[in-house]
Amino acid sequence: MTTRLLPWQRLSLRVAALFVAVTLLAVGLVGYLIYEQQKGDLEETLGTLLLNIARTGAILVDPAQHVEAEHAGGRDSNAYRSVRAALAAIQDENRLATPIYTLTDYDAERRQARFLVTSRGPGAPGEPYPLVAELIEPLGRAFRDGVATHTAIYHNQSGTWITAFAPIRDRAGRTVAVLDVDYPVDVYLRRLAELRNTVLGASLAGALGALIVGVLLARRVTRPISALTGGVARVAAGDLSQSLPVRSSDEIGQLTRAFNEMLEGLRQRDFIRDTFGRYVSPEVARTLLESPEGLRLGGEKREVTILMSDLRGYTHFAERGSPEDVMEVLNAYLAQMADIVIAHGGTINEFIGDAILAVFGAPIAHPDHAERAAAAALAMQGAMTEINRAHADRGLPRFEMGIGINTGEAVVGNIGSEQRAKYAVVGSAVNLAARVEGCTVGGQIFLSPSTWERLRDLVEVGVPVPVELKGIAEPLMLYELRAIGGRFARRLPETVIESEPQVDVTLPLTCWVIEGKVVRPDSITGVVLRLGARQIDVRLAAPLAPLTNVRLRLNYPGLGYDSGDLYGKVVGEGKRNGERMTRIRLTSVDAVDQKILEMFLTG
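Summary of the structure given here. Just so it is clear, the model here is predicted, and its values are computed rather than measured. (Residues numbered from 1 in each chain as written. Predicted model: local features only at pLDDT ≥ 70, side-chain atom pairs only at ≥ 80, totals over all residues. Heavy atoms only, no water.)

1. Focus: the overall build of the protein chain
A count of helices and strands for the protein chain gives 15 helices and 24 strands. Per-residue burial for the protein chain yields a buried fraction of 44% across its 603 residues. Pairs at least 24 residues apart make up 61% of the contacts formed inside the protein chain by residues separated by at least 6 positions. Carbon together with sulfur atoms contributes 54% to the accessible area of the protein chain, which is approximately 32100 Å² in total. (Helix = DSSP H or I, 4+ residues; strand = E, 2+ residues; numbered from the N terminus. Buried < 20%, exposed > 50% of the residue type's maximum accessible area, 1.4 Å probe, protein only. Contact = heavy atoms within 4.5 Å. Areas by Shrake-Rupley, 256 points an atom, 1.4 Å probe, with all protein chains shown as cover.)

Pasting the structure below:
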């Protein structure tokens with residue numbers, strides 16, 4: 001018996017209503033997103049422009065004359081007039097409508113600073129400069145850290161602004177004042193609002209025409225497929241068990257046959273996807289497809305070898321690169337590494353950003369799982385040489401990879417629920433592999449003691465490195481893998497382990513220890529004595545333990561500014577002229593600082 005549908009129950013009307021709602025929502029979002037995007041672009045563009053003006057202006061201001069003007073305390077001194085003339089020239093050269101000025105006596109608690117020299121207009125020496133909330137943090141960084149910064153767009157009683165700050169340093173590198181450059185953005189925001197309204201109007205007009213066509217099309221399409229609505233509803237609900245009978249040989253019959261073929265494909269695809277995800281080896285896929293219990297929840301204890309890898313320098317690239325380049329580089333890297341793991345009988349258990357967690361010995365119980373994991377790690381490091389060569393040809397940065405390997409007992413099997421499950425490996429063996437990987441620098445492969453015991457007659461390793469890891473009472477000896485024999489014979493590429501050329505330098509350095517993901521606030525001073533492209537030897541005021549992660553900042557004599565943030569790991573100690581030196585491997589250096597380091601190396 002067919003039930004007569006009321007108008008609002010008809011599928012065509014509901015599709016049309018949904019189309020209307022989605023169209024109106026999309027139109028509303030178009031104008032908003034364009035406005036916000038343009039506002040963000042405006043903020044970034046103006047901020048960068050003002051930051052360049054501020055940095056250049058800070059270099060042009062004579063710090064000695066500024067100090068003399070501050071001591072004079074008025075506008076009548078020659079020093080004040082000289083600094084003011086320099087500021088006025090900067091303002092005129094950059095066609096700024098608002099005056100620029102220098103600030104001293106920053107007080108975060110009272111939320112104010114004081115004017116000293118103004119290019120034009122008000123702002124007598126010593127006059128208070130009240131700070132709105134948005135100015136406190138960037139101005140504080142300029143005074144405290146000597147870093148040039150700019151604000152986001154903010155509002156005060158005078159309008160809407162964006163401001164850049166740059167420190168004025170004396171010859172000793174101390175910040176004597178901060179140069180302030182303001183820019184009004186009200187007129188730009190009004191233009192953006194007009195653009196948003198124009199886009200909304202045009203979108204509404206286009207949406208009206210699209211809506212009429214969509215309603216007519218919805219009515220025409222929904223009528224001939226009404227017989228399939230029940231089957232589609234079951235598929236949408238996740239029921240893939242029932243196929244539909246083919247009752248005709250016309251277009252509806254062809255559609256029904258295509259539906260049944262699609263249903264069978266979805267069953268097979270979901271089976272494999274829910275078991276392992278995208279990357280599985282052919283033998284693993286065959287084993288599970290032949291087993292009716294392949295998706296049963298549960299697990300078993302088994303000795304396996306865990307391989308954990310992480311890419312060095314990719315996070316910095318991802319923050320600065322275009323989305324297309326970022327994803328293309330990551331996908332190409334993961335695909336090549338996954339092929340190597342699968343070729344050695346391993347299974348990709350999970351991708352964690354640019355990190356890879358692979359398991360050897362499950363679900364297929366290879367008795368030589370430790371040997372396979374070590375050989376795969378060497379092959380992965382070898383592949384990085386080709387990847388970096390291709391990156392160099394395209395002007396992309398060079399990346400390095402650290403790998404940790406651990407063998408132990410773990411629980412392997414399907415976890416989750418009947419609706420969503422995954423094959424996983426769980427246990428302390430996984431945690432220890434991740435911690436072993438965290439001790440590596442780029443290009444290294446560390447074996448845990450349990451893995452080394454199983455491979456000691458097959459592998460060539462470096463000098464054991466004792467480390468203390470969280471959750472382990474005694475120091476753990478880690479073995480740097482260099483080569484493996486047997487049927488998987490392979491050696492770590494020479495380009496990874498060979499020493500790099502270094503030059504003697506004297507560069508002041510400040511260092512902060514990184515614990516976990518937190519940078520400790522107390523700093524350690526030192527001097528760089530030898531410099532390489534990826535490694536430095538430094539003399540520090542306080543010793544650091546091997547494998548300590550650090551953030552560094554170098555002072556470049558003669559260039560007038562410090563480096564950006566460099567990241568590294570302590571890899572050892574040595575002596576030079578009777579003094580203890582700490583060797584640090586650089587793990588992340590931005591492009592600007594890399595070019596400066598290369599300048600030192602090439603003389």
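2. Some points on the pairing of strand β9 (residues 347–352)
Pairing of β9 with strand β10 (residues 355–360) involves five bridges; the strand directions are antiparallel. By the bridge assignment for β10, F351 is matched with I356. Hairpin remark: β9 followed by β10, antiparallel, with two residues in the connecting loop; positive phi at G353, about 65°. (Pairing = 2+ DSSP bridges.)

3. Let's talk about helix α10 (residues 323–343)
Think of an α-helix as 3.6 residues a turn; residues three or four steps apart then line up on the same face. For α10, with 21 residues, the first-to-last C-alpha span of 30 Å sits near the 30 Å given by 1.5 Å per residue. All buried positions along α10 are accounted for by V326, V329, L330, Y333, L334, M337, A338, I340, V341 and I342. Positive backbone phi, at 85°, marks G345, one or two positions downstream of α10. (Expected span 1.5 Å × (residues − 1).)

4. Let's talk about the nonpolar core
If you look at the biggest cluster of nonpolar residues, it comprises 42 residues, and the most contacted ones within it are Y333 and M337. Element by element, the count of residues in this core is highest for helix α11 (residues 369–394), at eleven residues. Each residue touching M337, except ones within four places of it in the same chain, is listed here: I356, M380, A383, M384, I387 and M401. (Core = buried A, V, L, I, M, F, W, Y, C linked by side-chain atoms within 4.5 Å.)

5. Remarks on the packing of aromatic side chains
Between two aromatic rings, the relevant description is the distance of the centres plus the angle of the planes. For the structure shown, the criterion picks out seven aromatic pairs. Measuring from ring centre to ring centre gives 5.0 Å for Y101 and F115, while their planes differ by 70°; the resulting arrangement is edge-to-face. Of the two residues, Y101 sits in strand β1 (residues 101–107) while F115 sits in strand β2 (residues 112–118), which places them 14 residues apart along the sequence. Note on accessibility: Y101 and F115 belong to one class, buried. Summarising the aromatic geometry, the rings of F115 and Y129 are spaced 5.1 Å apart at their centres and angled 75° between planes, so their arrangement reads as edge-to-face. Placement of F115 in strand β2 and of Y129 in strand β3 (residues 128–130) is noted, with a sequence separation of 14 residues between them. Comparing F115 with Y129, the two get one shared label, buried. (Phe/Tyr/Trp six-rings, centres within 6.5 Å; stacked < 30°, edge-to-face > 60°.)

6. Description of the pairing of strand β19 (residues 518–531)
With ten bridges joining them, strand β18 (residues 503–515) and β19 adopt antiparallel strand pairing. Note that in β19 the partner of I514 across the bridge is V519. Counting the residues that bridge the hairpin from β18 to β19 gives two residues, and of these G516 lies at a positive phi of roughly 70°. In the sheet, β19 pairs with strand β20 (residues 535–540) via five bridges, with the strands oriented antiparallel. By the bridge assignment for β20, G526 is matched with L540. Linking two consecutive strands that pair antiparallel, namely β19 and β20, is a turn of three residues.

7. A word on the environment of L311
Positionally, L311 belongs in strand β8 (residues 298–312). For L311, a relative accessible area of 5% puts it in the buried group. In sequence terms L311 and I403 are 92 residues apart; their C-alpha atoms lie 9.0 Å from each other.

8. Notes on the pattern of salt bridges
Inspection of the entire model under this criterion finds 25 salt bridges. E453 is the salt-bridge partner of R456, the closest N and O atoms lying 3.1 Å from each other. Overall, R456 belongs to the partly exposed group, its relative accessible area being 41%. Residue E453 is classed as partly exposed on the basis of its relative accessible area of 45%. Measuring nitrogen to oxygen at the nearest pair gives 3.6 Å for the salt bridge that ties R482 to E480. Under the relative-accessibility criterion, R482 is labelled partly exposed at 26%. One salt-bridge network, in which partners are shared between bridges, spans R398, E400, R534 and R585. (Salt bridge = Lys/Arg side-chain N within 4 Å of Asp/Glu carboxyl O.)

9. Description of the side chain of R312
Mapped onto the elements of the fold, R312 is located in strand β8. Among the polar contacts made by the side chain of R312, one reaches the main-chain carbonyl oxygen of D310 at a distance of 3.2 Å. In this structure R312 touches F399, E400, G402, E437, T440, V441, G442 and T587, once residues within four positions along its chain are discounted. (Polar contact = N/O pair within 3.5 Å; in protein donor to acceptor, adjacent residues only side chain to side chain.)

10. Overview of the packing of helix α2 (residues 63–72) against helix α3 (residues 78–93)
Direction vectors running N to C along α2 and α3 enclose 130°, while the axes themselves pass 8 Å from each other. The angle between the axes of α2 and α3 places the two elements in the oblique class. In this structure, α2 crosses over α3, and the sense of that crossing is left-handed. The residues of α3 that touch α2, namely those facing Q65, H66, E68 and A69, are A79, Y80, S82 and V83. (Axes fitted to C-alpha atoms, helices over the stretch in contact; angles between N-to-C directions. Parallel < 35°, antiparallel > 145°, perpendicular 65-115°, else oblique. Left-handed = near helix turned anticlockwise from the far one by under 90°.)

11. Description of unusual backbone geometry
That bond from A362 to P363 is cis: its omega, 0°, falls within 30 degrees of zero. When you line up the elements, P363 lands in the loop between β10 and α11. Phi angles above zero are rare outside glycine, and R95 is one such case at about 55°. The residue R95 is located in the loop between α3 and β1 in this model. The phi angle at R111 is positive, at roughly 55°, despite the residue not being glycine. Among the secondary structure elements, R111 is positioned in the loop between β1 and β2.

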